Number of protein chains: 2
Amino acid sequence: MTGRPLLPVYRTPILDEWIDFNGHLRDAYYGLVLSYATDAMMDHLGLDAAYRERTRCTLYTLEVHIHYLHEVKRSDELEVRTTILDSDRKRIHVACGFGCPRVAGPVAAAEAMLLHVHQGEKPSSAPFPAEIAERIALYRHGAPELVHGLPGSRKIELTRR
Amino acid sequence: MTGRPLLPVYRTPILDEWIDFNGHLRDAYYGLVLSYATDAMMDHLGLDAAYRERTRCTLYTLEVHIHYLHEVKRSDELEVRTTILDSDRKRIHVACGFGCPRVAGPVAAAEAMLLHVHQGEKPSSAPFPAEIAERIALYRHGAPELVHGLPGSRKIELTRR
């Protein structure tokens, strides 16, 4: 542990329309929960609706990698713990562990790369203002102690067994 | 090109509720379109509702990696071209290129690893039946000529520039 504060845990119930023909949470809706958890992180970092309106700046997603580790059912609730692994002037690299109270261990793990963008006539990347950069640094844990045991992003390939 | 047949292109309009506060297609809904395109591929390979009911077998998603390359707007239509890159007795590795007629070049690229699962008391991986394995092999293009120019799955990390 780095001794730095943690981002709030994002919690959501599972909606009926998120269940697919397999009788479990459709793969894409883990991504929607990740997206909502990222919105909550933006609010917490000060990249909220007022900031976005005032500056015309926001975050765009560049990449997402999700590992599906356990089925999630209609009756479950998801808890998403987000850690800022790294950041630079314009980008934030986050890792998320998905849990649900019924299941021991994570049900999914995700990483995402997010870019700070000014939405002008043509959207273009923009540095974080100093106060936002400080806030990001406060929650940046570097080496991912918090996500220890979660599979990280990697090249997807079949390994012959 | 391998001379093998191509999977049908999956097309979908963009729905109002898929647009986020950035005024573009929310990141997670590229994943939903990918998920629906995978459903269409399942139907085409014979892993359709009748198969699933008869055998209690289906596909589970193990991993997904999406690269976001271009904004998609409410007025756009998405076209997803799926290629089977590789497969083994139980798994299919697919790559998808997302296009829309307004934009030159791909708007997103994705890879996914899918596992054939028997949904019994406890879900467990199961080999494809011979006729499905043959069908998969028919569409397996190996070296990804079709996805040339698309970014592939990789470790997500900040590179210092």
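What counts and what doesn't
Residues numbered from 1 in each chain as written. Chains lettered and ligands numbered in written order. Predicted model: local features only at pLDDT ≥ 70, side-chain atom pairs only at ≥ 80, totals over all residues. Heavy atoms only, no water. Helix = DSSP H or I, 4+ residues; strand = E, 2+ residues; numbered from the N terminus. Rg over C-alpha atoms; globule rule 2.2 N^0.38 Å. Buried < 20%, exposed > 50% of the residue type's maximum accessible area, 1.4 Å probe, protein only. Contact = heavy atoms within 4.5 Å. Least-squares fit on C-alpha atoms with pLDDT ≥ 70 in both. Expected span 1.5 Å × (residues − 1). pLDDT = per-residue confidence, 0-100. Buried area = accessible area lost by both parts, 1.4 Å probe. Salt bridge = Lys/Arg side-chain N within 4 Å of Asp/Glu carboxyl O. Polar contact = N/O pair within 3.5 Å; in protein donor to acceptor, adjacent residues only side chain to side chain. Pairing = 2+ DSSP bridges. Phe/Tyr/Trp six-rings, centres within 6.5 Å; stacked < 30°, edge-to-face > 60°. Lys NZ or Arg CZ within 6 Å of the ring centre and 35° of its normal.

Asks: Explain the overall build of chain A to me, using residue names and the numbers behind them.
Replies: Counting its secondary structure elements, chain A contains three helices and six strands. Taken against the 2.2 N^0.38 rule, which gives 15 Å for 161 residues, the C-alpha radius of gyration of chain A at 17 Å falls within 12% of a compact globule. Judged by the C-alpha coordinates and their principal axes, chain A covers about 45 × 35 × 35 Å. Within the span of chain A, comprising 161 residues, buried residues form 52% of the whole. Contacts in chain A between residues at least 24 apart in sequence constitute 68% of all its contacts with a sequence separation of at least 6.

Asks: Please set out the relation of the copies chain A and chain B residue by residue, giving values where relevant.
Replies: For these two chain copies, the linking operation is a rotation about an axis paired with a shift along it. Relative to chain B, chain A is turned by 180° and slid 0.0 Å along the rotation axis, the superposed coordinates differing by an RMSD of 0.0 Å. What we have between these two chains is a two-fold relation. Interface overlap between copies: 100% of the residues of chain A at the interface are likewise at the interface in chain B, consistent with a symmetric, same-surface contact.

Asks: Help me get a handle on helix H1 (residues 27–45) of chain B, residues and values and all.
Replies: Think of an α-helix as 3.6 residues a turn; residues three or four steps apart then line up on the same face. Residues and elements named next belong to chain B. Look at H1: 28 Å from first C-alpha to last across 19 residues, which is about the 27 Å you get at 1.5 Å a residue. Along H1, 15 of the 19 residues are buried, which leaves the element largely enclosed by surrounding structure. One or two residues past the end of H1 sits glycine 46, with phi positive at roughly 95°.

Asks: Tell me about the confidence of the model for chain A, residues and numbers included.
Replies: Detailed reading of the predicted coordinates is not advisable wherever pLDDT is low. In the predicted model, chain A carries a mean pLDDT of 93, and the fraction of residues at 70 or more is 94%. Both scores are given for the predicted complex: the pTM is 0.95, the ipTM 0.95.

Asks: Describe the interface of chain A and chain B, and please don't skip the residues or the numbers.
Replies: In this assembly, 45 residues from chain A lie in contact with 45 residues from chain B. Carbon and sulfur atoms make up 47% of the surface buried where chain A meets chain B, a total of about 4100 Å² over both sides. Three residues stand out in chain A for area buried against chain B, namely A:Glu63, A:Ile156 and A:Leu158, and they jointly supply 18% of the buried area on that side. Counting every contact that joins chain A to chain B gives four salt bridges. Across the pair A:Asp39 and B:Arg26 runs a salt bridge, and its minimum N-O distance is 3.0 Å. Across the chain A-chain B interface, the total number found is 33 residue pairs in polar contact (both at pLDDT 80 or more). Secondary structure elements with two or more residues in the side of chain A that touches chain B: helix H1 (27–45), strand S2 (57–68), strand S3 (77–87), strand S4 (91–99) and strand S5 (108–118) of chain A. Here the element with the most residues in the side of chain A that touches chain B is S2(A); it accounts for eleven residues.

Asks: Give me the lowdown on the pairing of strand S5 (residues 108–118) of chain B, citing residues and values where you can.
Replies: All names here are of chain B. Of all eleven residues that make up S5, ten are buried, and the element is covered over most of its length. Examined bridge by bridge, strand S2 (residues 57–68) and S5 share eleven bridges and lie antiparallel to one another. Within S5, the position partnered with cysteine 57 by the bridge is histidine 118. As judged from the eight bridges shared by strand S4 (residues 91–99) and S5, these two strands associate in the antiparallel manner. Bridging across to S5, glycine 97 finds its partner in alanine 109.

Asks: Describe the packing of aromatic side chains, naming the residues involved and giving the relevant values.
Replies: Any pair of aromatic rings gets described here by the distance separating the centres and the angle formed by the planes. Applying the stated criterion to the full structure yields six aromatic pairs over all chains. Centre to centre, the rings of A:Tyr30 and A:Phe98 are 6.2 Å apart; their planes meet at 55°, and the pair counts as tilted. With a gap of 68 residues between them, A:Tyr30 in helix H1 and A:Phe98 in strand S4 connect regions that are remote in the sequence. Per residue, the accessibility class of A:Tyr30 equals that of A:Phe98, and both read buried. Ring plane angle 10° and centroid distance 5.6 Å describe the contact between B:Trp18 and B:Tyr29, whose orientation is recorded as stacked. In this pair, B:Trp18 is assigned in the loop between strand S1 (10–13) and H1 and B:Tyr29 in helix H1, connecting sequence segments eleven residues apart. This pair shows no difference in class: B:Trp18 is buried, exactly as B:Tyr29 is. Grouping aromatic residues by their ring pairs yields a cluster made of A:Tyr30, A:Tyr68 and A:Phe98. Sitting over the face of the ring of B:Phe21, A:Arg52 holds its NZ or CZ atom 3.7 Å from the ring centroid.

Asks: I'd like a description of the pattern of salt bridges, backed by residues and values.
Replies: Residues and elements named next belong to chain A. Per the stated rule, a full pass over the model turns up 16 salt bridges over all chains. A salt bridge links arginine 102 to aspartate 76; the nearest nitrogen and oxygen atoms lie 2.6 Å apart. In this pair, arginine 102 is assigned in the loop between S4 and S5 and aspartate 76 in the loop between S2 and S3, connecting sequence segments 26 residues apart. Residue class for aspartate 76 comes out buried when judged on its relative accessible area of 7%. Close ionic contact of arginine 81 with glutamate 79 constitutes a salt bridge, the shortest N to O distance being 3.3 Å. You can call glutamate 79 buried: its relative accessible area is 15%. Through salt bridges with shared partners, a single ionic network connects Arg11, Glu79 and Arg81.

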